[in-house]
Amino acid sequence: MSKRVALVTGGIGGIGSAICEALLAQGRTVVANCHPSEEQDAVKWQAAHKEKGMDMEIFPADVSSFEDASAMVEDIIKRHGSLDIIVNCAGITRDKTLKKMDVGSWTAVISVNLNSVFNVTRPAIDGMLNNGFGRIVNISSVNGQKGQFGQTNYSAAKAGMHGFTMALAQETARKNVMVNTVSPGYIETAMTAAVPEDIRNAIIATIPAARMGQPKEIADAVAFLSSDDNTYITGANLPVNGGLYMG
Ligand code: NAD
């Protein structure tokens, strides 16, 4: 069997990096996508990983653009012969109550978190179906499952991701293309470091595990769902949240 090729969008971020590392450890060829504005950071990220013996590709592309995303997917397929695993992990927040929500904050969050899932998956799906193998994991959020004050945009986008998962899973299961969602709770990354400390402590007080999660704990779930061993889990929404929400 040839080496499976995996694309992780938002691949140099906190959770994305851990996912790239986990997929590489499974023997995948890993392509870490980043936003074009992050290219210099991505080059450093790549060099730091290479020093530790982790050889991965980087691919700057704005996944909120269908043109950018499809050009990236086509390039990967052209160079590697296939794209077998997609982890849709790129995401942003623009938190505001709806009373203060402007169209720009709404559209940006929907475009990056939700439209990107279509933009990246659509150009890859024919290849997966023809090859009889595909694994797609969409990184949603506990806040897409339960809603969150100040996050109508983010909660809508993240809930939408799982709707996409369930619909596509039905269209592709017969061809061994498994599509799943992973919904992290609060994970220690730059995204949550930006939350003020008093709010962060209040959040931790509500988590049964009494701590935030680590990126590796998300990556381990993604590694299983995207593995060749996952032959029957599809359309699922796996919560990885320390017991914060049990839907
Ligand atoms: P992060 O900010 O460290 O990583 C997100 C990455 O996506 C960044 O590198 C960012 O530049 C990239 N990105 C943003 N817009 C992009 C675009 N248009 N094209 C390409 N790349 C783009 O955040 P993280 O905490 O690692 O989050 C990763 C994913 O997990 C996100 O989808 C987030 O919503 C989700 N999530 C995070 C948490 C958490 O607690 N950290 C909880 C639940 C869900």
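Residues numbered from 1 in each chain as written. Predicted model: local features only at pLDDT ≥ 70, side-chain atom pairs only at ≥ 80, totals over all residues. Heavy atoms only, no water.

1. Examining the site of the ligand
Which entries qualify depends on this criterion: Working definition: residue near molecule or strand if any one of its non-hydrogen atoms lies within 4 Å of it. Nitrogen and oxygen atoms within 3.5 Å of one another constitute a polar contact, given that in protein one can donate a hydrogen and the other can accept it, and given that sequence-neighbouring residues count only through two side-chain atoms. With residues, only the protein chains shown are counted as cover, and all accessible areas are computed by Shrake-Rupley using a 1.4 Å probe. Only protein atoms enter the 1 Å grid, on which a cavity is a set of points fitting a 1.4 Å probe that cannot get out and a pocket is an open set with protein on both sides within 12 Å along at least 5 of 7 lines, lining residues being those with an atom within 4 Å of a point. Being in a pocket or cavity means that more than half of the molecule's atoms lie within 2 Å of its grid points. Elements are defined by DSSP. Helices are runs of H or I of four residues or more, strands are runs of E of two residues or more, and each kind is numbered from the N terminus. Three classes are used, and their members are as follows: Ala, Val, Leu, Ile, Met, Phe, Trp, Tyr, Cys and Pro are nonpolar, Asp, Glu, Lys and Arg are charged, and the others, Gly among them, are polar.
In the vicinity of the ligand lie 29 residues, with Ile 15, Glu 38, Tyr 154, Ile 187 and Thr 189 positioned nearest. At 3.1 Å from a nitrogen atom of the ligand is found a main-chain nitrogen or oxygen belonging to Val 63. In this structure, Cys 89 approaches the ligand through a main-chain N or O atom, which is 2.9 Å from an oxygen atom. Burial of the ligand by the protein chains amounts to 90% of its free accessible area of 810 Å². More than half of the atoms of the ligand fall within 2 Å of the grid points belonging to the largest pocket. Elements with a minimum of two residues in the shell around the ligand: helix H1 (14-25), strand S2 (29-34), helix H6 (152-172) and helix H7 (190-193). Of the residues assigned to the shell around the ligand, the class counts are 14 nonpolar, 12 polar and 3 charged.

2. Points about the packing of helix H4 (residues 103-131) against H6
The criterion, for reference: Lines fitted to the C-alpha atoms define the axes, with helices restricted to the stretch that makes contact. Angles between their N-to-C directions range from 0 to 180 degrees. Angle categories: roughly parallel below 35 degrees, roughly antiparallel above 145, roughly perpendicular from 65 to 115, and oblique for all the rest. Each crossing gets its hand from how the near helix is turned against the far one by less than a right angle, where anticlockwise is left-handed and clockwise is right-handed. The contact definition used throughout considers only heavy atoms, calling two residues in contact when any of these lie within 4.5 Å.
One way to put it is that H4 packs onto H6 with a least axis distance of 8 Å and a crossing angle of 15°. Classified by the angle between their axes, H4 and H6 sit roughly parallel to one another. Along this stretch, H4 crosses H6, giving a crossing that reads as right-handed. Along the contact surface, H4 presents Ser 105, Trp 106, Val 109, Ile 110, Asn 113, Leu 114, Val 117, Phe 118, Thr 121, Ile 125 and Leu 129, while H6 presents Thr 152, Asn 153, Tyr 154, Ala 156, Ala 157, Lys 158, Gly 160, Met 161, Phe 164, Leu 168 and Thr 172. Looking at the contact of H4 with H6 residue by residue, the class counts come to 14 nonpolar, 7 polar and 1 charged.

3. Some words on the nonpolar core
So the rule is basically this: By nonpolar core we mean a set of buried residues, namely Ala, Val, Leu, Ile, Met, Phe, Trp, Tyr and Cys, connected to one another through side-chain atoms within 4.5 Å. Summary of the burial criterion: residues with accessible area below 20% of their type's maximum are buried, those above 50% are exposed, and those between are partly exposed, where the area comes from a 1.4 Å probe applied to protein chains only.
In terms of nonpolar packing, the biggest core is built from 33 residues, with Ile 19, Leu 23, Val 87, Ile 139, Val 182 and Val 222 touching the most fellow members. Here Ile 139 is in contact with Ile 19, Val 87, Asn 88, Cys 89, Lys 158, Met 161, Val 182, Pro 184 and Val 222, once residues within four sequence places are set aside. Ala 69, Met 72, Ile 86 and Ile 125 belong to the second largest nonpolar core, which has 22 residues in total.

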